[in-house]
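# Coordinates in review
So the chains spell out like this:
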Amino acid sequence: MSALASRAGQNRILMIFIGTSLALHVAFVVVVAVTLSWGKKPPAPPPAIKTRLVKLGKQRDEKLLPRIEKKAPPPPSKKSPPDVQKDKKTKEPTPKKEPDKEPTPSAMDVLNKFKEKHADEQDQPSLSDLIAERTKTTDEGHEQGSKIGTEVSGRLRATYNDEILAKMQSNLEVPNTLSDEERVRLKARVFLRIDGDGSLLSSKVTRKSGNPTFDNAVLATVKKSAPFSAPPLTERDFYRNGVSVNLCPSSCR
Amino acid sequence: MTFAPPSLRVFGLVSVLCIGAAAPSFAQEDTATEDGPLIGEVEGASFKLFPLAVPDIRVADKRSDERRPAVGITSVLRRDLALTGVFEVLKPQSYLDTDGLAKGDVKFDDWLNIGADGVLKAQLTGTPDKFTVQVYAYQVASTDQVLSQSYAGTKDTIRDVAHRIADDVVKAFTGLPGVARTHIVAVKKVAGSKHVFIMDADGERQRQLTRAGTLNLLPSWAPDGRSVLFTSYRYDNPDLFEISIAGGPARRVSSRPGLNTGGRISPDGQTIALTLSKDGNSEIYLLDRQGGLKKRLTSSWGIDTSPYFSPDGSNIVFVSSRAGNPHLYRMPAAGGKAERLTFQGKYNQTPAYSPKGNKIAFTARDEFNRFDLFIYHVEDGKITRVTQDQGNNEDPSFAPNGNLITFISDRTGSRQVWIGTLDGRFQERITTTGRYSSPNWGPFEK
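What this report covers is the structure whose coordinates are included nearby. Residue indices follow the written sequence of each chain, beginning from 1 at its first position. Lettering for chains starts from A, numbering for ligands starts from 1, and both go in the order in which the items are written. Predicted model: local features are reported for residues with pLDDT of at least 70 only, side-chain atom pairs are reported and counted for 80 or more only, and whole-chain, interface and lining totals are derived from all residues. Neither water nor hydrogens contribute to the side-chain values; these are computed over all heavy atoms in the structure.

### Description of helix H4 (residues 158-174) of chain B
Because an α-helix completes one turn every 3.6 residues, residues spaced three or four positions apart along the sequence face the same direction. Residues and elements named next belong to chain B. Only DSSP runs of H or I covering at least 4 residues are called helices, and only runs of E covering at least 2 are called strands; the numbering of each starts at the N terminus. The length a helix should cover is 1.5 Å for every residue beyond the first. Between its first and last C-alpha atoms H4 spans 24 Å; for 17 residues at 1.5 Å apiece the expected length is 24 Å, and the two agree. Relative accessibility decides the category of a residue: with a 1.4 Å probe and only protein chains considered, values under 20% of the type maximum give buried, values over 50% give exposed, and everything between is partly exposed. Counted residue by residue, H4 has 14 buried out of 17 residues, so it is predominantly covered. Once H4 ends, the next one or two residues include Gly175, with phi positive near 80°.

### Considerations on the sheet that holds strand S31 (residues 427-429) of chain B
Residues and elements named next belong to chain B. What makes two strands pair is DSSP finding at least two bridges between them. One open sheet accounts for 4 strands, arranged S28-S29-S30-S31; its pairing is antiparallel. Of all strands in the sheet, those with a lone pairing partner are strand S28 (393-398) and S31, marking the two edges. Across this sheet, the average inter-strand angle for adjacent strands is 25°, counted without regard to direction. Of the pairings in the sheet, the one linking S28 to strand S29 (residues 404-409) comprises 4 bridges and is antiparallel in character. Across the sheet, the residue bridging to Glu394 is Ile408, located in S29. Between the N-to-C directions of two axes lies an angle of 0 to 180 degrees, each axis being a line fitted to C-alpha atoms and, for a helix, fitted only over the stretch in contact.

### Examining the pairing of S29(B)
Residues and elements named next belong to chain B. With 6 of 6 residues buried, S29 lies mostly within the body of the structure. Residue alternation in S29 divides its side chains into two sets, Leu404, Thr406 and Ile408 and Ile405, Phe407 and Ser409, and both sets are buried. Note that S29 and strand S30 (residues 416-421) share 6 bridges and pair antiparallel. Considered in S30, the bridge of Phe407 is made with Trp418. Between S29 and S30, which follow one another and run antiparallel, lie 6 residues, and Gly413 among them has a positive phi close to 110°.

Set out below in structure tokens:
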């Protein structure tokens, strides 16, 4: 009996201990929480910002007279003043311009890709072989056919063509004396020969537009765009022999 | 005057190629291949003023008195060309100008390097009292010679020679006639009075046409360019007068009771359209050149005013308040139903037809109560704006080549005569002193 009573007493003491402990813990947590929350100021309401849509989506009243759209100021020109004393041949080649569209692989990318593709071939040509082969062409071509093929040279040319066309496009400026009808209709073809270092060997309007001022502007565009970057090594003869470009004030189609 | 025809230009090109070593490195090189594979198309040009180099006119004798006409002509010529709204005359400080005048001696690459698309080369020979100026004009990139012409002049005709050269240069490069030799009439305030003045198209050589009366207004040219209509209060009533630009007294054309204002002579020179209020309300009437009444054109409760003949004389544009506010209307010159042209804005006035008749310039008050210039496009009825946020701009009048308009602007603080292009991108003040109103650009010199 005494053992049972002693056991019950122990349990009661244990329960009291646990209860007290719980109460103390709860009290501690409450005190900590109250203390923490006491020092914190309630978040200030966000400042009221009154806005009004001024332009977006709002049509100008048709009964009002039209207003001239203000264009954003052009970015500061990076062009340095022309140095009339500077010899044309001492000019630094213009850095390659990044095309706006999908990035086009460079000439070296194309060559590297070609080499990877043909890595398992026993007679894999080295870069120098490729160049040598390309430069070794005769009037009758290669007896075994070219290992480069037309695809690679075509892509090399396409890359370089994009580059020189983009440069000419950025320089295509036409006097505002052209009538609206001429701006739509005019089209001139210019023939240009580019040396191995990218300098302009010659340029000539081969199909005149019918407007001498525009033809002059076309030639000026080509000459202002020179020097170009150096053509791909394997394509230098192609550009030295000359290529043609159509130029139009608005659209060539 | 000789504008090199294409065949001559080709011949000139071949000549330059044949010059060989003497030719500039920039000249065309002969190539075995005339054409190559087409690699693409370049389109979408930006439009700009034509950059033109106008170096000093050279003189054989470099004494100061010999140089005077050359300096004078060069100065007027540069200003004329800058006022065309076509050319950007490049700063002379950038010129090397160490080359010759003839095509084979011109260093085209030097001119290309300073950004010139065209270059003028000229030399004056003779004495300051009587001289000749030989002028050459070249397209720089193509090395084409587009003008080779000599001009005789005297010390009293320096400005005239410069104007003639400027007009020929415009014609050579653009195919359009220049307006440097035309004149503008405008009303100028002089010591409390307002008088009609005539001036060169660059604002220089002003001459007072009217002397009598204190209020002379609304001048407009006769189509032959020999006389000017204007309204004057010299007899205490706004009467219509005509005065010869050569001088002499003004002739009273219409002195009916009330308004006799805003007279315009028809393109055939036979009829005058004007506003009369002899019957109480302001209406548009037609008179013969002697002032005899031909016809009443309008009959509305509103005020009808500011008639302006179309270039073919078939219709008249005018201002009417019949819809409540002043707007532009058009009606057949022979009479008939008036058609309302403008529906935008609340105060449209002073219409002026372009020489081709495809545009009507007018003044309108915008929603900020500023007066600005607008163009009504006859073909589609659209309205485009010429001036904006540049003070008040009023009273447009087309240059006879249709490329420029003259107008009044107070953007500098006083009402001055300005000229500008129809897109408003080029605007230049041509008067600096006095106060002006109602400029009217005269026809080509005949």
